[in-house]
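One letter stands for each residue in the lines below.
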There are 2 protein chains.
Amino acid sequence: MTDVAAAAGVSHQTVSRVLNGSELVRADTRARVEAAIAELGYRRNNAARLLVTNRSRRIGMISAHLVLHGPSMIAVSVQDAGHKAGYDVSLVAVEDFSTQSLREAVGRLLDEAVEAIVVAVAHREALEQVRSLDAAVPIVVVQGVSAGQPMAVGIDQEAGARLAVEHLLDLGHRHVAHVTGPLEWVEAGQRRAGWQRAHEERHVLPGPELAGDWSPQSGYEAGLRIAEDPDVTAVFAANDGMAIGLMYALHAKGRDVPGAISVVGFDNVPEAPYLWPALTTVDQEFSLLGRRAVELTLQALAGDLDPSTQLIRPALVVRDSTAVPRPS
Amino acid sequence: MTDVAAAAGVSHQTVSRVLNGSELVRADTRARVEAAIAELGYRRNNAARLLVTNRSRRIGMISAHLVLHGPSMIAVSVQDAGHKAGYDVSLVAVEDFSTQSLREAVGRLLDEAVEAIVVAVAHREALEQVRSLDAAVPIVVVQGVSAGQPMAVGIDQEAGARLAVEHLLDLGHRHVAHVTGPLEWVEAGQRRAGWQRAHEERHVLPGPELAGDWSPQSGYEAGLRIAEDPDVTAVFAANDGMAIGLMYALHAKGRDVPGAISVVGFDNVPEAPYLWPALTTVDQEFSLLGRRAVELTLQALAGDLDPSTQLIRPALVVRDSTAVPRPS
DNA sequence: GCACAGAATGTTAACGCTCACAATTTCGTT
DNA sequence: AACGAAATTGTGAGCGTTAACATTCTGTGC
């Protein structure tokens, strides 16, 4: 900076003013300084700047399971929205949810001087943990959100599940079986709750519940069992991956989809429309979620700790994997 | 730090020594300092540290198309490997490949004081651009790599494609059609080259070539056209997403897979084994790629600008979407 | 009991920037 | 031409660390 100042024949402070877009610099001085900057290929040293301003313009994000569709979409969209708002986003992926590794993740972010932390980890306890670490920076939650939670934006999982189940019941199915996600995930619990609630409301008993873990493999295993139960005519899988495994098992067992059994997934992965049959599923608007999360973060940074939870309503996309039940 | 020093009754320099694991601190002083640190919940200020050491322990990564399987896997694995090596990884996603936005991405990373940049952008020109920006830090390339390129690790796309095509020819197909990726992607070009080469080697003419853009949609469109050509008995799609769209179109047109037409994809997405039919595809070891990339980066940082390119050989995974051609 | 080496600790000066304030221009008024 | 206010520019300190060097202990051999 001193070099630039010398080259432009001004003081370092004037260079600083130019860099920060201050109004109180005469146009020609500004031009001279800018020329010097370009000439010398000068870049401001952010460490020094951060040291004195104490504002990093960086927000941190804790994610997990980035191989899964949902988490990765969220990560990308938050990152994107953050950049657009002029913030850098540091992502740290955790592999397990021990206090240990969560503490480490938060620590790493704090070391990077993040101004806020976006937590995109859907594990029930993990959320508590991070909250309890209480990191002197605002924390915004974007996964595993339920109504009434402070500083949180989420997609209404329960509503999505109800959409799926109601669609099936409307078609005339007596009840709907459910392949759950791993129930430590808040999302999995919420989708399961929506499935139950939808049945309750119509005063019918839900179909069988099978435990899955999001993987196509687990959907496949659930499918093998469902194929043997002639009573099941409709299944709601908690994500598209499991729905895919499920449909595979049903095919393999000669149970036609949707002829014999209807299937609904959750996520609307890009290949969903091109599965055979094209998968009816629930679509979540992740990009909106990311934007909202960043908005909320910015609000928090501005001191407005808005306690209201925002829930984004997902939408059902009806394709060819669901149909009226075959009269038996 | 001064506070900690005061609390422990030592000088700030001793605190600094403890923090940096210096040997020249007596065990009991160290303990006292550590107690004070814990007590006060002190964290070292990295900006100040960076300011004086000039070592950020951060590497940058430029990615694009994070929604696609390959790029996102690479991003995750580099990030992961970087963390394991004690580096933070800053990811910036670019949306287009204009000099403008590439320059901005590099600029953003440089502003974060990254010590090296990993470029995971498979656009032909983009690579040139970034290289020509010549950023005073080592640059490692992990996508769109071909033999003989300096500072690069990649997966041998051409070899993967040949594996796929040879498998089909071995089964007895006269030739193989190809749905390409967008040819601005180096990968797409390389897979196409492998497809051509495999035919050349057996002295047969390749089947028709159709242009795709990685999306299932484009695979679907290609599939509709292929379904009308009775001469095509085998197709190599440049990624699994297009293979999925392709198979959908073939189904829709009543062309059985693999009975009438065999299909091979590329990527081995998690749902590949559960498609109907389970998809024969090419598996790339992304986690290894990430590790190698970080190793290479570390080497470069150590001043060893190894000019040799490392190419990782992918593997063919044979499932149920390929079979011997039906005698006509 | 003393000199001395080596271990342990302390002191001071950067690093490159912004902030608060001081000094100098500039320009409109009279 | 001189005054003063506003606009522009400059000065010095300090952000929290580490590096380099200075100082003070500690224990050993005689």
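Reading the values: the criteria
Residues numbered from 1 in each chain as written. Chains lettered and ligands numbered in written order. Predicted model: local features only at pLDDT ≥ 70, side-chain atom pairs only at ≥ 80, totals over all residues. Pairing = 2+ DSSP bridges. Helix = DSSP H or I, 4+ residues; strand = E, 2+ residues; numbered from the N terminus. Axes fitted to C-alpha atoms, helices over the stretch in contact; angles between N-to-C directions. Contact = placed C-beta atoms within 7 Å. Expected span 1.5 Å × (residues − 1). Buried ≥ 20, exposed ≤ 12 C-beta atoms within 10 Å, placed from the backbone. Nonpolar A, V, L, I, M, F, W, Y, C, P; charged D, E, K, R; others polar. Least-squares fit on C-alpha atoms with pLDDT ≥ 70 in both. Near = placed C-beta within 6 Å. Core = buried A, V, L, I, M, F, W, Y, C linked by C-beta atoms within 7 Å.

Engineer: How should the sheet that holds strand β9 (residues 262-264) of chain A be read in this particular structure?
Structural biologist: Either a parallel or an antiparallel arrangement is found when strands of a sheet pair, and the pairing is made through backbone hydrogen bonds. Residue and element names in this part refer to chain A. Spatially, β7-β6-β8-β9 is the arrangement adopted by the 4 strands of the open sheet, whose pairing is parallel. Two strands lie at the open edges of the sheet, namely β7 (209-211) and β9, each paired on one side alone. Taking each pair of neighbouring strands and ignoring which way they run, the sheet shows an average axis angle of 20°. Strand direction decides the pairing type here: strand β8 (residues 234-237) and β9, joined by 3 bridges, are parallel. In the sheet register, valine 235 faces β9, and the bridge partner there is valine 263. Contacting β6 (177-180), β7 and β8, helix α10 (residues 216-227) crosses the sheet at an angle of about 155° to β6.

Engineer: Just checking my understanding: could you explain helix α9 (residues 186-201) of chain B for this structure?
Structural biologist: Along an α-helix, residues three or four apart share an orientation, since each turn contains 3.6 residues. All names here are of chain B. The end-to-end C-alpha separation of α9 is 22 Å, in line with the 22 Å expected for 16 residues at 1.5 Å each. Within α9, the full set of buried residues consists of Val186, Glu187, Ala188, Gly189, Gln190, Arg191, Arg192, Gly194, Trp195, Ala198 and His199. Looking one or two places after α9, you find histidine 203, whose phi comes out positive at around 60°.

Engineer: I tried to follow the interface of chain B and chain A on my own but got confused; where do I start?
Structural biologist: Interface size is commonly expressed as the accessible surface area that is lost when the partners come together. In this complex, chain B contributes 31 residues to the contact, which on the side of chain A involves 31 residues. If you list the elements that add at least two residues to the side of chain B that touches chain A, you get α4 (46-53), α5 (69-84), β2 (88-94), α6 (99-111), α10 (216-227) and α11 (240-252) of chain B. For the side of chain B that touches chain A, the class distribution of residues is 18 nonpolar, 7 polar and 6 charged.

Engineer: For this particular structure, what's the right way to read the relation of the copies chain B and chain A?
Structural biologist: Rotating chain B by 180° about the axis while translating it 0.0 Å along that axis superimposes it on chain A, leaving an RMSD of 0.1 Å. The superposition of one copy onto the other is thereby described by a two-fold rotation axis. Within chain B, Ala47(B) has its C-alpha nearest the rotation axis, a separation of 2.3 Å. Interface overlap between copies: 100% of the residues of chain B at the interface are likewise at the interface in chain A, consistent with a symmetric, same-surface contact.

Engineer: Even after reading the chapter, I still don't get the protein's contact with DNA strand D, so can you show me in this structure?
Structural biologist: Among the 24 residues in the neighbourhood of DNA strand D, the closest are listed as Thr29(A), Met1(B), Ser16(B), Asn45(B) and Ala48(B). Sorting elements by how many residues they give to the surface near DNA strand D places α4(B) first, with 5 residues. Classifying every residue of the surface near DNA strand D by side-chain character gives 10 nonpolar, 11 polar and 3 charged.

Engineer: Would you take a moment to explain the nonpolar core for this structure?
Structural biologist: For soluble globular proteins, nonpolar side chains are generally found buried alongside one another. Core analysis: the biggest nonpolar cluster contains 189 residues, and Val140(A), Val235(A), Leu246(A), Val140(B), Val142(B), Val235(B) and Leu246(B) have the highest contact counts within it. With 8 residues, α11(B) is the single largest residue contributor to this core. Contacts of Val140(B), omitting those with residues within four sequence positions, involve Ala116(B), Val118(B), Met151(B), Ala152(B), Ala293(B), Leu296(B), Thr297(B) and Ala300(B). Judged by nonpolar contacts, the second largest core, of 7 residues, contains Val4(B), Val18(B), Val33(B) and Ile37(B).

Engineer: Is there a simple way to think about the protein's contact with DNA strand C in this case?
Structural biologist: The environment of DNA strand C is formed by 24 residues, the closest being Met1(A), Ser16(A), Asn45(A), Ala48(A) and Gln13(B). Looking at the surface near DNA strand C element by element, the count peaks at 5 residues for helix α4 (residues 46-53) of chain A. Grouping the constituent residues of the surface near DNA strand C by class yields 10 nonpolar, 11 polar and 3 charged.

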